[in-house]
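# Observations on the model geometry
Residue-level listing of the chains:
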Amino acid sequence: QVQLVESGGGLVQPGGSLRLSCAASSSIFRFSALAWYRQAPGKQRELVATITTNNKTNYADSVKGRFTISRDNAKNTEYLQMNSLKPEDTGVYYCNCRHELITSWDYWGQGTQVTVSS
C-alpha cells in the first residue's frame, strides 16, 4: 500500500494554467496505468485522463485539447498540465496508479483542490 503525494493545485483565473504532480515511491509505478480523476462540488467523481505504460492517452471530452497527462518513470511521477482553465474545471483532483497485471494493486492520492474563478 502506498499513498500518492499530489501537489500543484490552487486558485487560478479563467484562461490560466496549472500543472498537477503526483509522486509515488512504489516500485509498481512503471508497470501501472495512471489516471487523473476530479470531483466537482456536489458532483460524482469523474475520469479526466488516463495514460498507459505504452504512453497511450485518453481524455474526457470536456478537457480534450486543454489538458495533457504525462508520466516520468525515472521520477515515479505523473503530471496533469491544465491550460485554458474554465470555472467548470473547479474541483478536487485525484491521481490514480493501477498495476496493469495485478489490478488489485490500485492506489489513490489524497486529492488536491483546483479552483478556477475570477
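Higher on the page you've got the structure.
As the structure is a computational prediction, the values presented were derived from the model and not from experiment. (Residues numbered from 1 in each chain as written. Predicted model: local features only at pLDDT ≥ 70, side-chain atom pairs only at ≥ 80, totals over all residues. Heavy atoms only, no water.)

## Considerations on the overall build of the chain
Per the secondary structure count, the chain includes zero helices and eleven strands. Starting at the N terminus and walking to the C terminus, you meet the elements of the chain as β-β-β-β-β-β-β-β-β-β-β. Here the C-alpha radius of gyration of the chain, 14 Å, is about what a compact globule of 118 residues would show, namely 13 Å. Across its three principal axes, the chain shows a C-alpha extent of roughly 40 × 25 × 25 Å. By the burial criterion, 45% of the 118 residues in the chain qualify as buried. Sequence-distant contacts in the chain: of pairs separated by 6 or more residues, those separated by 24 or more amount to 56%. (Helix = DSSP H or I, 4+ residues; strand = E, 2+ residues; numbered from the N terminus. Rg over C-alpha atoms; globule rule 2.2 N^0.38 Å. Buried < 20%, exposed > 50% of the residue type's maximum accessible area, 1.4 Å probe, protein only. Contact = heavy atoms within 4.5 Å.)

## What to know about the packing of aromatic side chains
Tallied over the full model, the rule gives one aromatic pair. Over the face of the ring belonging to Tyr37 we find Arg45, whose NZ or CZ atom lies 4.9 Å from the ring centre. Above the face of the Phe29 ring, Arg71 is positioned so that its terminal group lies 5.3 Å from the ring centre. (Phe/Tyr/Trp six-rings, centres within 6.5 Å; stacked < 30°, edge-to-face > 60°. Lys NZ or Arg CZ within 6 Å of the ring centre and 35° of its normal.)

## A closer look at the sheet that holds strand β8 (residues 77-82)
One key point about sheets: their strands pair by backbone hydrogen bonds, in either a parallel or an antiparallel sense. Pairing is antiparallel across the open sheet formed by four strands, whose spatial order is β1-β3-β8-β7. One side of each edge strand has no neighbouring strand; the edge strands of this open sheet are β1 (5-7) and β7 (67-72). Going from strand to strand, the sheet's axes swing by 15° on average, the running direction of each strand aside. With three bridges connecting them, β1 and strand β3 (residues 18-23) associate as antiparallel partners. In the strand pairing of β3, Ser7 is matched with Ser21. (Pairing = 2+ DSSP bridges. Axes fitted to C-alpha atoms, helices over the stretch in contact; angles between N-to-C directions.)

## Notes on the pairing of strand β11 (residues 112-116)
Side chains Thr112, Val114 and Val116 of β11 all project onto a buried face; the interleaved residues Gln113 and Thr115 project onto a face where none is buried. Relative to β11, strand β2 (residues 10-12) is paired through three bridges, and the arrangement is parallel. Considered in β11, the bridge of Val12 is made with Val116.

## Notes on a nonpolar patch on the surface
Together, Leu101, Ile102 and Trp105 make up a nonpolar patch on the protein surface, roughly 330 Å² of accessible area in all. You can see Trp105 is positioned in the loop between β9 (91-99) and β10 (106-108). Residue class for Trp105 comes out partly exposed when judged on its relative accessible area of 37%. (Patch = residues over 30% accessible without salt bridge, like charges linked within 9 Å, V, L, I, M, F, W, Y side chains within 5 Å. Areas by Shrake-Rupley, 256 points an atom, 1.4 Å probe, with all protein chains shown as cover. Salt bridge = Lys/Arg side-chain N within 4 Å of Asp/Glu carboxyl O.)

## So, the environment of Val114
The residue Val114 is located in strand β11 in this model. Taking C-alpha positions, Val114 is 16 Å from Thr68, a pair spaced 46 residues apart along the chain. Look past the residues within four positions of Val114 in its chain and what remains in contact with it is Gly9, Gly10, Leu18, Leu20, Met82, Asp89, Thr90, Gly91 and Tyr93.

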